[in-house]
Amino acid sequence: MKRIDAVIRPEKLQAVIKALRKTGVNGFTVIPVQGRGQERNTHGVYRGHTYDINLHPKIKLEIVVSDNYLERTIEAIIGSAQTGEMGDGKIFVYEVLDAYNIRTGVVDETIDELKR
Amino acid sequence: MKRIDAVIRPEKLQAVIKALRKTGVNGFTVIPVQGRGQERNTHGVYRGHTYDINLHPKIKLEIVVSDNYLERTIEAIIGSAQTGEMGDGKIFVYEVLDAYNIRTGVVDETIDELKR
Amino acid sequence: MKRIDAVIRPEKLQAVIKALRKTGVNGFTVIPVQGRGQERNTHGVYRGHTYDINLHPKIKLEIVVSDNYLERTIEAIIGSAQTGEMGDGKIFVYEVLDAYNIRTGVVDETIDELKR
Ligand SMILES: Nc1ncnc2c1ncn2[C@@H]1O[C@H](COP(=O)(O)OP(=O)(O)OP(=O)(O)O)[C@@H](O)[C@H]1O
Ligand SMILES: Nc1ncnc2c1ncn2[C@@H]1O[C@H](COP(=O)(O)OP(=O)(O)OP(=O)(O)O)[C@@H](O)[C@H]1O
Ligand SMILES: Nc1ncnc2c1ncn2[C@@H]1O[C@H](COP(=O)(O)OP(=O)(O)OP(=O)(O)O)[C@@H](O)[C@H]1O
Ligand SMILES: [Mg+2]
Ligand SMILES: [Mg+2]
Ligand SMILES: [Mg+2]
């Protein structure tokens, strides 16, 4: 099992969710974030403090998938989130040791994208 | 050391925190998120954009514990967050390589739930 | 490649970002969170529910760096986020399996802090 973190443009969330579902990936978690990539210095404000850099609003998607869904999920994200302009975002992949469904109280093996 | 991500119903946060503390787990981080599991398609709006699916408000808890606290922590979460209805949430487990306490500036070995 | 999660005081975000950039680390993601460490019990309210503990507002930084940047990045965070008082925060380190740049659509090898 793998976890994919995808930091994307907020305006691409709808397209990415559509692409995920078309790929058979239904479970995911959405978190509003702010971030920086390799942009040059500029000034900005965040939560009342002044910074010497701007933080850009982004959306982070956290998606846990089975190993055999990893590649197609990454392709679905890139295909739907890409504009070709700087700031399109990043994808990071992590190992997941275990997954549980809280309703059933046991290890989660019933969900398509968690099948190993 | 392990990190537990628990996505739970917002109304269960109080009960989960109580159960964690009863288990001896005091340190955790709380993040408001939105998400989807295996629900069927419906329409929704998020941050001004229309989506072909609803996103459900959830709470994500991030909890770093020692290996010997892992099982009882997961049991505490399931025991306190479960309603038996769909949407109760998910638990994911990850390996943690290192932990530091910023106040002391060194590797964190003093906290109960970080004891190995 | 490693991912660093640093939970810091919100008022230290500016100093930490400066220290990161001085270290050559330009890419990072910022998430507003709430949390608890080893503090004693007190009462509090969060999202309309009453809790038997207070949650403290913190900032979580997620930073993916190459292995050879790990140590200096942790030192930069500790050096800039530390006050010496309780509540300074925590740093956790995780393994990263892969990183992709969505703009280029391929594995990310071009960014300083992602160089291996
Ligand atoms: N090394 C990193 N660690 C954690 N998050 C990152 C990192 N690099 C970028 N991000 C996140 O991804 C978002 C988008 O980054 P961005 O697409 O600008 O990357 P980039 O490397 O500058 O690529 P590009 O040249 O295509 O702009 C950032 O705002 C930040 O939230
Ligand atoms: N594969 C996944 N990856 C990341 N987050 C997930 C995943 N599946 C679910 N989640 C998160 O957990 C939340 C709750 O999911 P939910 O409990 O509905 O899971 P489910 O698989 O549909 O189980 P149930 O049948 O019990 O509803 C989602 O809103 C989402 O935030
Ligand atoms: N075990 C943990 N797992 C996840 N997050 C944690 C953990 N411990 C602390 N945190 C996060 O770090 C924040 C700051 O913790 P804090 O600095 O108070 O840690 P502490 O262990 O109590 O150390 P100190 O004695 O220096 O206060 C918390 O509000 C929480 O968001
Ligand atoms: Mg950029
Ligand atoms: Mg569900
Ligand atoms: Mg503390």
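This text goes with the structure placed above it.
Described in the following lines is the structure provided in the data block. Computed from a predicted structure; not experimentally measured. (Residues numbered from 1 in each chain as written. Chains lettered and ligands numbered in written order. Predicted model: local features only at pLDDT ≥ 70, side-chain atom pairs only at ≥ 80, totals over all residues. Heavy atoms only, no water.)

To continue, consider the overall build of chain A. Along the backbone of chain A there are two helices and eight strands. Beginning at the N terminus, the succession of helices and strands in chain A can be written as β-α-β-β-β-β-α-β-β-β. Within chain A, buried positions represent 59% of all 116 residues. When contacts within chain A are restricted to residue pairs at least 6 apart in sequence, long-range pairs at least 24 apart make up 74% of them. Accessible surface, chain A: about 5,000 Å² in total, of which carbon and sulfur atoms supply 47%. (Helix = DSSP H or I, 4+ residues; strand = E, 2+ residues; numbered from the N terminus. Buried < 20%, exposed > 50% of the residue type's maximum accessible area, 1.4 Å probe, protein only. Contact = heavy atoms within 4.5 Å. Areas by Shrake-Rupley, 256 points an atom, 1.4 Å probe, with all protein chains shown as cover.)

Another point: the packing of helix α1 (residues 13-22) of chain B against helix α2 (residues 70-81) of chain B. All names here are of chain B. At a closest axis distance of 8 Å, the pairing of α1 and α2 adopts a crossing angle of 150°. By crossing handedness, the relation of α1 to α2 is classed as right-handed. On α2, the residues that touch Ala15, Val16, Ala19 and Leu20 of α1 are Thr73, Ala76, Ile77, Ser80 and Ala81. Considering only residue class, the contact of α1 with α2 consists of seven nonpolar, two polar and no charged. (Axes fitted to C-alpha atoms, helices over the stretch in contact; angles between N-to-C directions. Left-handed = near helix turned anticlockwise from the far one by under 90°. Nonpolar A, V, L, I, M, F, W, Y, C, P; charged D, E, K, R; others polar.)

Another aspect to go through is the packing of aromatic side chains. Evaluation of the coordinates by the stated rule reveals zero aromatic pairs over all chains. The residue whose ring lies beneath Arg72(A) is Tyr69(A), and the NZ or CZ to ring-centre distance is 4.2 Å. (Phe/Tyr/Trp six-rings, centres within 6.5 Å; stacked < 30°, edge-to-face > 60°. Lys NZ or Arg CZ within 6 Å of the ring centre and 35° of its normal.)

A few words on the site of ligand 3. The local shell around ligand 3 holds 23 residues, among which Arg103(B), Gln38(C), Gly87(C), Gly89(C) and Lys90(C) are the closest. Nearby residues around ligand 3 are contributed by chains B and C. Contact distances for ligand 3 include 3.1 Å between an oxygen atom and a side-chain N or O atom of Asn101(B). At a separation of 2.5 Å, an oxygen atom of ligand 3 approaches a polar side-chain atom of Arg103(B). Considering ligand 3 on its own, with 610 Å² of exposed area, one finds that the protein chains cover 97% of that surface. Going through the elements one at a time, β2 (28-36) and β5 (56-65) of chain B together with β2 (28-36) and β6 (90-95) of chain C are the ones with two or more residues in the shell around ligand 3. Ranked by residues supplied to the shell around ligand 3, first place goes to β5(B) with three residues. A breakdown of the residues in the shell around ligand 3 according to their chemical character gives seven nonpolar, eight polar and eight charged. (Near = heavy atom within 4 Å. Polar contact = N/O pair within 3.5 Å; in protein donor to acceptor, adjacent residues only side chain to side chain.)

Attention now moves to the interface of chain C and chain A. You'll often see interface size given as the accessible area lost when the parts meet. Across the contact, 33 residues belong to chain C and 40 residues belong to chain A. A combined buried area of about 2,900 Å² lies between chain C and chain A, and 60% of that area is made up of carbon and sulfur atoms. A per-residue breakdown of the area chain C buries against chain A is headed by Tyr100(C), Ile102(C) and Arg103(C), which together make up 25% of the total. Taken together, chain C and chain A are joined by three salt bridges. Here chain C is connected to chain A by 12 residue pairs in polar contact (both at pLDDT 80 or more). For the side of chain C that touches chain A, the secondary-structure elements that each account for two or more residues are α1 (13-22), β2, β5 (56-65) and β7 (98-101) of chain C. When grouped by side-chain class, the residues that make up the side of chain C that touches chain A number 16 nonpolar, seven polar and 10 charged. Both strand β6 (residues 90-95) of chain A and β7(C) contribute to a ladder of four bridges, which runs antiparallel. Paired with Phe92(A) across the bridge in β7(C) is Ala99(C). (Buried area = accessible area lost by both parts, 1.4 Å probe. Salt bridge = Lys/Arg side-chain N within 4 Å of Asp/Glu carboxyl O. Pairing = 2+ DSSP bridges.)

So, about the interface of chain B and chain A. Counting residues at the interface gives 40 residues for chain B, matched by 33 residues for chain A. Summed over the shared surface of chain B and chain A, the number is three salt bridges. Lys60(B) is paired through a salt bridge with Glu62(A); the nearest N and O atoms lie 3.1 Å apart. For the side of chain B that touches chain A, the secondary-structure elements that each account for two or more residues are β1 (2-8), β2, β4 (49-51), α2 and β6 (90-95) of chain B. The element that contributes the greatest number of residues to the side of chain B that touches chain A is β6(B), accounting for six residues. Class assignment for the residues of the side of chain B that touches chain A results in 17 nonpolar, 10 polar and 13 charged. As paired strands, strand β2 (residues 28-36) of chain A and β2(B) are joined by three bridges and run antiparallel to one another. Its bridge partner being in β2(B), Thr29(A) is matched across the sheet by Gly35(B).

What follows covers helix α2 (residues 70-81) of chain C. Here α2(C) is 12 residues long and its end C-alpha atoms lie 16 Å apart, about the 16 Å a rise of 1.5 Å per residue gives. Among all positions of α2(C), only Leu70(C), Thr73(C), Ile74(C), Ala76(C), Ile77(C), Ile78(C), Ser80(C) and Ala81(C) are buried. Residues of α2(C) that are buried make contact with β7 (98-101) of chain B together with β1 (2-8), α1, β5 and β6 of chain C. (Expected span 1.5 Å × (residues − 1).)

Relative to chain A, chain C is turned by 120° and slid 0.0 Å along the rotation axis, the superposed coordinates differing by an RMSD of 0.0 Å. Classification of the inter-copy transformation places it as that of a three-fold axis. (Least-squares fit on C-alpha atoms with pLDDT ≥ 70 in both.)

This brings us to the environment of Asn26(A). Residues and elements named next belong to chain A. Along the chain, Asn26 falls in the loop between α1 (13-22) and β2. On the basis of relative accessible area, Asn26 is assigned to the buried category, the value being 17%. Along the primary structure Asn26 and Val65 are separated by 39 residues, whereas in three dimensions their C-alpha atoms are 9.8 Å apart.

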